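Each chain is listed here by its residues.
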Amino acid sequence: MPGLPETLLTGREHEYVGWFLKAKALSPAAFDDAEIEQYAAALAADGGLRASLAYYRDAAASARGNHAALDRQHLTLPVLRISSSHGSIPDMASSLGPWADNVAGVVVPDAGHFVPDEQPGAVAAALVDFIARGD
C-alpha cells in the first residue's frame, strides 16, 4: 500500500524502530536508548521513512534482477557469508552459495538479526580470519 506505512509511522519513528530493534535482536538490551534515538532520528529526517521502506517495497524486483544476473555470471572472488545463531531466517547467508565459486561461512553465536551490532567482536574476528586466510 504505497504511502500507508509512512502515514501510520510518521511521528512514531521512535516507537517503530524501538520495537523493531528489540524484537529482532536476540537480547532486547542489544540497543540502548541513545542508539534507538539515533535510528529514529534518521527515519524521521526528510525522506527517511520512504528510503527505509523502499528496501521492502523493492525486494521482489531486486530478487528477480539478482536471479537474472546469476544466469550470466558468478562471483569468482572469495566471499564470506555471516549468519547468526538466532536470526529471523535460519542460516540466511547460505543463499549466497549459488552466487559465488568460493564461499566460506560462519555462524555467529548469541546474535539475532543485527549481527554486527550484537556481536561486533565475533564479526570482526570472522573478517580478520577470512582476510588472513586469503582464499
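We now turn to the structure provided with this report.

Conventions used here
- Residues numbered from 1 in each chain as written.
- Predicted model: local features only at pLDDT ≥ 70, side-chain atom pairs only at ≥ 80, totals over all residues.
- Heavy atoms only, no water.
- Helix = DSSP H or I, 4+ residues; strand = E, 2+ residues; numbered from the N terminus.
- Buried < 20%, exposed > 50% of the residue type's maximum accessible area, 1.4 Å probe, protein only.
- Contact = heavy atoms within 4.5 Å.
- Lys, Arg positive; Asp, Glu negative; His and termini not counted.
- Charge placed at Lys NZ, Arg CZ, Asp CG, Glu CD.
- Core = buried A, V, L, I, M, F, W, Y, C linked by side-chain atoms within 4.5 Å.
- Salt bridge = Lys/Arg side-chain N within 4 Å of Asp/Glu carboxyl O.
- Expected span 1.5 Å × (residues − 1).
- Arc of directions from axis to C-beta.

## A short note on the overall build of the protein chain
Here comes step 1: A tally of regular secondary structure across the protein chain gives seven helices and two strands.
Here comes step 2: Across the protein chain, helices and strands are ordered from the amino to the carboxyl terminus as α-α-α-α-α-β-β-α-α.
Here comes step 3: When the backbone C-alpha atoms are referred to their principal axes, the protein chain occupies close to 50 × 35 × 25 Å.
Here comes step 4: In the protein chain, buried positions account for 24% of the 135 residues.
Here comes step 5: Restricting to contacts in the protein chain with at least 6 residues of sequence separation, those with at least 24 account for 64%.
Here comes step 6: In the protein chain, the 9 positive side-chain charges and the 17 negative ones have mean positions that sit 8 Å from each other.

## Here's the deal with the nonpolar core
Here comes step 1: Counting residues in each nonpolar core, the largest one holds eleven residues, listed as L9, V17, F20, L21, A25, F31, I36, A40, L43, L49 and F114.
Here comes step 2: Every residue in contact with V17, bar those within four places of it in the chain, is listed here: I36, Y39, A40 and L43.

## Considering the side chain of E118
Here comes step 1: Locating E118 in the fold gives a position in helix α6 (residues 115-118).
Here comes step 2: Within the buried set, E118 has no salt-bridge partner at all; the shortest N-O distance to an opposite charge, 11 Å, is to K24.

## Details of helix α2 (residues 13-24)
Here comes step 1: Look at α2: 16 Å from first C-alpha to last across twelve residues, which is about the 16 Å you get at 1.5 Å a residue.
Here comes step 2: Along α2, the residues that are buried comprise E13, V17, G18, F20 and L21. The arc enclosing the buried residues of α2, seen along the axis, measures out at 165°, which places them on a common side.
Here comes step 3: Contacts made by the buried residues of α2 are with α1 (4-9), α3 (33-44) and α4 (48-57).

## Remarks on the environment of G48
Here comes step 1: Counting through the fold element by element, G48 comes out in helix α4.
Here comes step 2: According to the relative accessible area criterion, G48 is buried, its value standing at 13%.
Here comes step 3: Non-local contacts of G48, meaning those with residues more than four positions away in its chain, are made with A42 and L43.

## Quick notes on the pattern of salt bridges
Here comes step 1: For the coordinates displayed, the defined rule picks out two salt bridges.
Here comes step 2: Across the pair R57 and E6 runs a salt bridge whose closest N-O atoms are separated by 2.7 Å. Taken together, the positions of R57 in helix α4 and E6 in helix α1 put the pair 51 residues apart, joining distant regions of the chain.
Here comes step 3: By relative accessible area, which is 39% here, R57 ends up partly exposed.
Here comes step 4: By relative accessible area, which is 15% here, E6 ends up buried.
Here comes step 5: The shortest N-O distance in the salt bridge between R133 and D129 comes to 2.8 Å. Pair noted here: R133 and D129 are both in helix α7 (residues 120-133), with a separation of four residues, about one helical turn.
Here comes step 6: In this structure R133 comes out as partly exposed when scored by relative accessible area, which is 38%.

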